[in-house]
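Chain by chain, the residues run as shown.
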Amino acid sequence: PVQLAPGPPRRRPAAPPPPPPQIVCYYFIFTVFCTVGFGDVYPVNTAERLFCIALFVAGVCVFSTIIAETTDVLEEFKREKGEMSRRMENYQVLLADCRVPVRLHLKIREWLRFQFSQERVESKKREALSDYKLPEEFRLAIAKSLVDDLFAQIPFLTGVPDHVRGGFAAELLFRSTMLFFTPGSIVASHREPADRVMIVAAGSVDVFHPSRAGSQPARRMRVFRRGDVFGDSAVIGDPRWGGTFGVEADFVARENCSIVVFRVEDVADIASQLEFRPVERKIDVGRLFWEECAEELAAEGDPPAFSPGWSPDGGGGHHHYRLTPSSVASL
């Protein structure tokens, strides 16, 4: 018989290199926190066992906290959904009886959901600022965050100390109201005198320059988004909603939007308080500037084209004015 020569000895495959110690530690911690415990990694001495005991206790605490927080989130979601459903009950029967088209039905639901969410945010802000059990420094910090977020572009609050701005913003929020507008709704018209200050809280608003000729369409000048302010020049006596632009303007909702509104009288009343004297001085300076320039331009036959913090913009024999950041800060 033919005998085959023995081949080279088979080599066992090399063992894979051990994983880095950091990976092993993370793996062990996750198996403990997830209560899996495969048993492939275990302590071998007293120090490691004591460490594992502490890790087990921490794992139970973390796991319990996660479950509790998740339960709270689900309960809050269920509560909000219940409130939303109760609000929709008033419309469900009417929409079904009138055989409202599905597209309109969906738009109504979207509008109600938007309004509901904005109202909840507004109520939470008021609740936090009115909670006098909260230390004063915390309430001022919340008010300052509101200034930085929503009231940052109000001209008469620029250049004043932070604590004054925060307190003034909190007072304004208490006296303000929230209005809601659907797409295409007129938020403010140039045909009506400006008697309120409006701030876009959510959504966007188109700013149009009204056409003097009936055949020409209105020209859109810009889009206002969250934090943009209009009607603020009414604080110093300018009756135009577009006083910030030096022209008449119409403001139309571009999408579902919410607007924070407060009256000019409320601004004057808050500014008259002793702690808000810096704001009152800025408003007084702006009012004097408005009156002087209004008289000057009226004598020249030009309509007023300026508002608080507006500075001369040269060109031609007449005076035209436009808003500049430096002029606002100088008031």
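**Let's talk about the nonpolar core**
Membership of the largest hydrophobic core comes to 35 residues, with the highest contact counts inside it found for Phe 151, Phe 156, Phe 168, Phe 262 and Val 279. For Phe 262, the contacting residues outside a window of four places in its chain are Phe 151, Ile 154, Leu 172, Ser 176, Arg 196, Val 197, Ile 199 and Val 267. Core analysis: the next-biggest nonpolar cluster, separate from the first, contains 19 residues, Val 187, Val 205, Phe 230 and Val 264 among them.

**Quick word on a nonpolar patch on the surface**
The grouping of Tyr 27, Val 36 and Phe 38 at the surface amounts to a nonpolar patch, some 300 Å² of accessible area in total. You can see Tyr 27 is positioned in helix H1 (residues 21–33). Overall, Tyr 27 belongs to the partly exposed group, its relative accessible area being 32%.

**Digging into the pattern of salt bridges**
Taken as a whole and assessed by the stated rule, the structure comprises eleven salt bridges. The salt bridge involving Asp 206 is made with Arg 254; its shortest N-O contact spans 2.8 Å. Of this pair, Asp 206 sits in strand E4 (residues 205–209) while Arg 254 sits in the loop between strand E7 (250–253) and strand E8 (257–263), and the two are 48 residues apart along the sequence. Note on Arg 254: relative accessible area 38%, which makes it partly exposed.

**Let's talk about helix H5 (residues 162–175)**
A rise of 1.5 Å per residue sets the reference length of H5, with its 14 residues, at 20 Å; its end C-alpha atoms lie 20 Å apart and thus fit the reference within 8%. Val 164, Arg 165, Gly 166, Gly 167, Phe 168, Ala 169, Ala 170, Leu 172 and Leu 173 are the residues of H5 that are buried.

**Examining the sheet that holds strand E5 (residues 219–224)**
Taken in spatial order, the four strands line up as E2-E7-E4-E5 in an open sheet, and their pairing is antiparallel. In the strand order of this sheet, the two ends are held by strand E2 (186–188) and E5, each with one partner. For this sheet, the mean angle separating the axes of adjacent strands, direction not counted, is 35 degrees. Direction of pairing for E2 relative to E7: antiparallel, over a ladder of two bridges. Bridge pairing links Ile 186 to Val 252 in E7.

**Notes on the side chain of Ser 185**
Locating Ser 185 in the fold gives a position in the loop between strand E1 (177–181) and E2. Looking at Ser 185, its side chain comes within polar contact range of the side chain of Thr 182, at 2.8 Å. Look past the residues within four positions of Ser 185 in its chain and what remains in contact with it is Phe 251, Val 252 and Ala 253.

**With respect to the sheet that holds E1**
The strands that make up a sheet pair up through hydrogen bonds in the backbone, lying either parallel or antiparallel. Taken together, the four strands give an open sheet; going across it, the order is E1-E8-E3-E6, and neighbouring strands pair in antiparallel fashion. What marks the edges here is a single partner per strand, and that holds for E1 and strand E6 (229–230). When E1 meets E8, the two strands line up antiparallel, connected through five bridges. Bridging from a neighbouring strand, Leu 179 pairs with Ile 259 of E8.

Rules of the game
Residues numbered from 1 in each chain as written. Predicted model: local features only at pLDDT ≥ 70, side-chain atom pairs only at ≥ 80, totals over all residues. Heavy atoms only, no water. Core = buried A, V, L, I, M, F, W, Y, C linked by side-chain atoms within 4.5 Å. Buried < 20%, exposed > 50% of the residue type's maximum accessible area, 1.4 Å probe, protein only. Contact = heavy atoms within 4.5 Å. Patch = residues over 30% accessible without salt bridge, like charges linked within 9 Å, V, L, I, M, F, W, Y side chains within 5 Å. Areas by Shrake-Rupley, 256 points an atom, 1.4 Å probe, with all protein chains shown as cover. Salt bridge = Lys/Arg side-chain N within 4 Å of Asp/Glu carboxyl O. Helix = DSSP H or I, 4+ residues; strand = E, 2+ residues; numbered from the N terminus. Expected span 1.5 Å × (residues − 1). Pairing = 2+ DSSP bridges. Axes fitted to C-alpha atoms, helices over the stretch in contact; angles between N-to-C directions. Polar contact = N/O pair within 3.5 Å; in protein donor to acceptor, adjacent residues only side chain to side chain.

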